[in-house]
Amino acid sequence: MNYDVVIVGAGPAGSTAAKNLAEEGVHVLLLDKATFPREKPCGGGLPTRVFKRFPYIEPFIDSVSYGSITYSSSYRYKFDLIREKPLVMMVLRKDFDYGLVNLAVNAGVLFHSGKSVVDIVIQKEKVSVMLDDGQTVEAQAVIGCDGMHSVVAEKTNLSKKLEVLCVSLVQEQPLTPKQLNTYFTKKRLIHLFIKAQGVAGYAWMFPKKNCVNLGIGEFQSAISKSKPKIPLKETYEAFIYSLKEKKMLPPEFPIENLRGATLPIFPLENTYGDRVLLCGDAAGFINPITGEGIYYAMASGHIAATVIAEGLKTQDLSRHFLSRYQKLWNDDFGKDLKLLGRFNTQWGKDSEKIVRLMTRDKKFAKLVVGVTGGQISFSKYKVALIFRYIYASLKNLFRAKNR
Ligand SMILES: Cc1cc2nc3c(=O)[nH]c(=O)nc-3n(C[C@H](O)[C@H](O)[C@H](O)COP(=O)(O)OP(=O)(O)OC[C@H]3O[C@@H](n4cnc5c(N)ncnc54)[C@H](O)[C@@H]3O)c2cc1C
């Protein structure tokens, strides 16, 4: 046997799993098809809970945002949240992911980049991992952290046709400190545009230390069948044009280096099998309302490492033993993801009202921001949120009648 564990994919899920296993004395090979440091299309916004759970990421944080401005689709309503404490931490994925890989290597992981996995064969006593250069490596277990189009999930029959997807476009554009101060203030406020240009999703502007990350995401399940299909690139161009018109971006701001990506929205039914586990995007661990996934990637990588380390100790890497991984992630964040998933189609509905209610009822706004931004658990606060929504709606109705 070459290794105890082979991890496929060195994004946040893979590096976290690798680092934690190596710290337990496990002999780990981490593989990635890309050559690092590599780019990854992403907003790079981390809710503060990522830092709370994984404080070692501190050196890889690019900048911090101390608030947000949320706009309704028509721009008529605007909700400002300005804080003394950080709201979102910003990273540049190229540096962040490379930083995490280096932590794993320092912990004792062997990292091979530029190696694409093409097949996985699970046998009774081992796993064989086939690479595109014809090489085969053997291990006791494999962890699939290879993102949205996971080869590990496909070859171990864990993947299913993902029908619920978010399609997105993103660009990261340099800005001067003066421009950043002008458009995003010293607090580096993030801007969220609910249903920008009528899209069944939202657009964002995330200011960073020397650039702005700008993107748009459309939730496929929320697109109205009766509406004419507009290519997302056209919507994005119209959005940038409207921002320039409103003087929310410099007039010379270009659309360049635009990258497209798809996000899986629902957790797979099974994220484990004999000698195999799936983490992060490969398992569909994405917040179905916001598209946020780094927290779940790292959390699932950490949980997978704990379970595999235990399995190696007891020499039990059977499907039955590894099923505890599913229970652990479900208790940790899975219940929230599944519950939020039920509201994913809301992107197709009237969002104008939600932002209006947020501007008029601070408690409602706090709950919406807390739940969507991951500061509070949706399963715990669901009832409070629904009651506050009803209360805010009634208050708004009386206000309109008494005018
Ligand atoms: C436009 C966009 C914006 C986003 N914004 C945010 C955000 O602001 N905040 C947030 O938290 N999340 C965001 N996300 C989600 C986030 O990017 C993902 O959830 C996160 O990257 C998942 O991490 P991962 O480790 O599971 O997979 P990835 O980061 O995708 O890493 C997978 C790795 O596997 C490698 N790989 C793939 N196939 C193979 C193979 N066959 N062999 C070897 N290696 C392979 C890839 O090269 C890659 O390095 C965004 C996503 C998109 C698309």
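The structure we're discussing is the one just above.
The rules behind the values
Residues numbered from 1 in each chain as written. Predicted model: local features only at pLDDT ≥ 70, side-chain atom pairs only at ≥ 80, totals over all residues. Heavy atoms only, no water. Near = heavy atom within 4 Å. Polar contact = N/O pair within 3.5 Å; in protein donor to acceptor, adjacent residues only side chain to side chain. Areas by Shrake-Rupley, 256 points an atom, 1.4 Å probe, with all protein chains shown as cover. Nonpolar A, V, L, I, M, F, W, Y, C, P; charged D, E, K, R; others polar. Salt bridge = Lys/Arg side-chain N within 4 Å of Asp/Glu carboxyl O. Helix = DSSP H or I, 4+ residues; strand = E, 2+ residues; numbered from the N terminus. Buried < 20%, exposed > 50% of the residue type's maximum accessible area, 1.4 Å probe, protein only. Contact = heavy atoms within 4.5 Å. Phe/Tyr/Trp six-rings, centres within 6.5 Å; stacked < 30°, edge-to-face > 60°.

What should I look at first to understand the site of the ligand in this one?
Around the ligand, the structure places 36 residues, and the nearest of them are D32, R38, G43, G45 and D281. In this structure, G43 approaches the ligand through a main-chain N or O atom, which is 2.8 Å from a nitrogen atom. One of the backbone nitrogen or oxygen atoms of V117 is found 2.9 Å away from a nitrogen atom of the ligand. About the coverage of the ligand: the protein hides 93% of its 1000 Å² of free accessible area. Taken together, the residues that form the shell around the ligand break down as 16 nonpolar, eleven polar and nine charged.

Can you help me understand the pattern of salt bridges in this one?
When the charged atoms of two side chains lie near each other, side chains of opposite charge can form a pair. What the rule picks out here adds up to 17 salt bridges. Here E24 and K313 are joined by a salt bridge, their closest N and O atoms 3.8 Å apart. Residue E24 is found in the loop between α1 (12–23) and β2 (28–32), and its partner K313 is found in helix α7 (residues 294–314); the two are separated by 289 residues along the sequence. What makes K313 exposed here is its relative accessible area of 63%.

Please explain the side chain of R93 as it appears in this structure.
Relative to the helices and strands, R93 is located in helix α3 (residues 93–106). Not counting the four nearest positions on each side in its chain, R93 is found in contact with P12, R38, K40, C42, Y98 and I294.

Even after reading the chapter, I still don't get the packing of aromatic side chains, so can you show me in this structure?
Think of a pair of aromatic rings as described by two things: how far the centres are apart, and how the planes are tilted against each other in angle. Enumeration over the complete set of coordinates arrives at 15 aromatic pairs. Relative to F333, the ring of W329 lies with its centre 6.0 Å away and its plane at 20 degrees, an arrangement referred to as stacked. Taken together, the positions of W329 and F333, both in helix α8 (residues 319–341) and four residues apart, correspond to about one turn of that helix. Taking relative accessible area as the criterion, W329 reaches 0% and is therefore assigned buried.

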